[in-house]
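Given next are the chains, with one letter for each unit.
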Amino acid sequence: MDKISIFVKNFVTYSYIGVYPKEKNRKQKLKISVILDLRQVHKEDCIKSTVSYDKIIDVLEEIKDYSHIKLLETLAKKILIKLQNIKNAKKVKIEIIKTNILKGDQDVGIVLEKSFKKG
């Protein structure tokens, strides 16, 4: 059986996120990557035979409009809830990176992975 995943890598957005007072007054730059494993792979060469990555992008574009969130883990769970509703989604891996937090090329972030029950 074939395994197929679709992904969006390093999607950049800005969000009010963090626990410190200085993080409540300005949006921070985030890079988000999502890998979505699919249940079935169809052999047809048409969009109906897969899941469009536009569905992932639509979920990620909503983040800029969220009110303040304290934890990256909370943001990842919000994204997860929306992605689990995508038809044919089997498993998701979400990586969220807060950029420009440390000096140099260092980043901080979280990874959340979840398998979905068959529906």
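Please read all numbers here as calculations on a predicted model, not as lab measurements.

Examining the overall build of the chain
When you go through the chain residue by residue, the secondary structure sums to two helices and four strands. Across the 119 residues that make up the chain, the buried fraction comes to 35%. A total of about 8200 Å² of accessible surface is found on the chain, and carbon and sulfur atoms cover 50% of it. Each charge sign in the chain was given a centre, from 26 positive and 15 negative side chains, and these centres are 6 Å apart.

Observations concerning the sheet that holds strand β1 (residues 5-15)
Read across the sheet, four strands follow the order β1-β2-β3-β4 without closing on themselves; strand pairing throughout is antiparallel. Every other strand in the sheet has two partners, leaving β1 and β4 (108-115) as the edge strands with one partner each. The average angle at which neighbouring strand axes cross in this sheet is 15 degrees, direction not considered. In this structure, strand β2 (residues 28-38) lies alongside strand β3 (residues 89-98), joined through nine bridges in antiparallel fashion.

Details of the environment of Ile-32
Within the fold, Ile-32 resides in strand β2. The class of Ile-32 is buried, set by a relative accessible area of 0%. Measuring from C-alpha to C-alpha, the distance between Ile-32 and Ile-94 comes to 7.1 Å, with 62 residues separating the pair along the chain. Once residues lying within four places of it in the same chain are set aside, the contact partners of Ile-32 are Val-8, Lys-9, Asn-10, Phe-11, Thr-13, Leu-60, Ile-63, Ile-79, Ile-94, Glu-95 and Ile-96.

Some words on helix α1 (residues 53-61)
Along α1, the positions that sit buried rather than exposed are Ile-56, Val-59 and Leu-60. Along the long axis of α1, the arc covered by the buried residues comes to 95 degrees, so they all point the same way. In the core, the buried residues of α1 are packed alongside β1, β2 and α2 (72-83). Measuring from the side-chain oxygen of the N-cap residue of α1 to the backbone nitrogen of Asp-54 gives 3.0 Å; that N-cap residue is Ser-52.

A short note on the side chain of Thr-99
Tracing the chain through its elements places Thr-99 in the loop between β3 and β4. Discounting residues that sit within four places of it in the chain, Thr-99 has contacts with Lys-29, Lys-31 and Asp-107.

Considerations on α2
Taking 1.5 Å per residue, 12 residues should reach 16 Å; α2 reaches 16 Å between its end C-alpha atoms and fits that length. Those residues of α2 that fall on the buried side of the exposure criterion are Leu-72, Leu-75, Ala-76, Ile-79, Leu-80 and Leu-83. Buried residues of α2, seen end-on, are gathered within an arc of 140 degrees and therefore sit on one face of the element. Looking at the buried residues of α2, the elements they touch are β2, α1, β3 and β4.

Conventions and cut-offs
- Residues numbered from 1 in each chain as written.
- Predicted model: local features only at pLDDT ≥ 70, side-chain atom pairs only at ≥ 80, totals over all residues.
- Heavy atoms only, no water.
- Helix = DSSP H or I, 4+ residues; strand = E, 2+ residues; numbered from the N terminus.
- Buried < 20%, exposed > 50% of the residue type's maximum accessible area, 1.4 Å probe, protein only.
- Areas by Shrake-Rupley, 256 points an atom, 1.4 Å probe, with all protein chains shown as cover.
- Lys, Arg positive; Asp, Glu negative; His and termini not counted.
- Charge placed at Lys NZ, Arg CZ, Asp CG, Glu CD.
- Pairing = 2+ DSSP bridges.
- Axes fitted to C-alpha atoms, helices over the stretch in contact; angles between N-to-C directions.
- Contact = heavy atoms within 4.5 Å.
- Arc of directions from axis to C-beta.
- Polar contact = N/O pair within 3.5 Å; in protein donor to acceptor, adjacent residues only side chain to side chain.
- Expected span 1.5 Å × (residues − 1).

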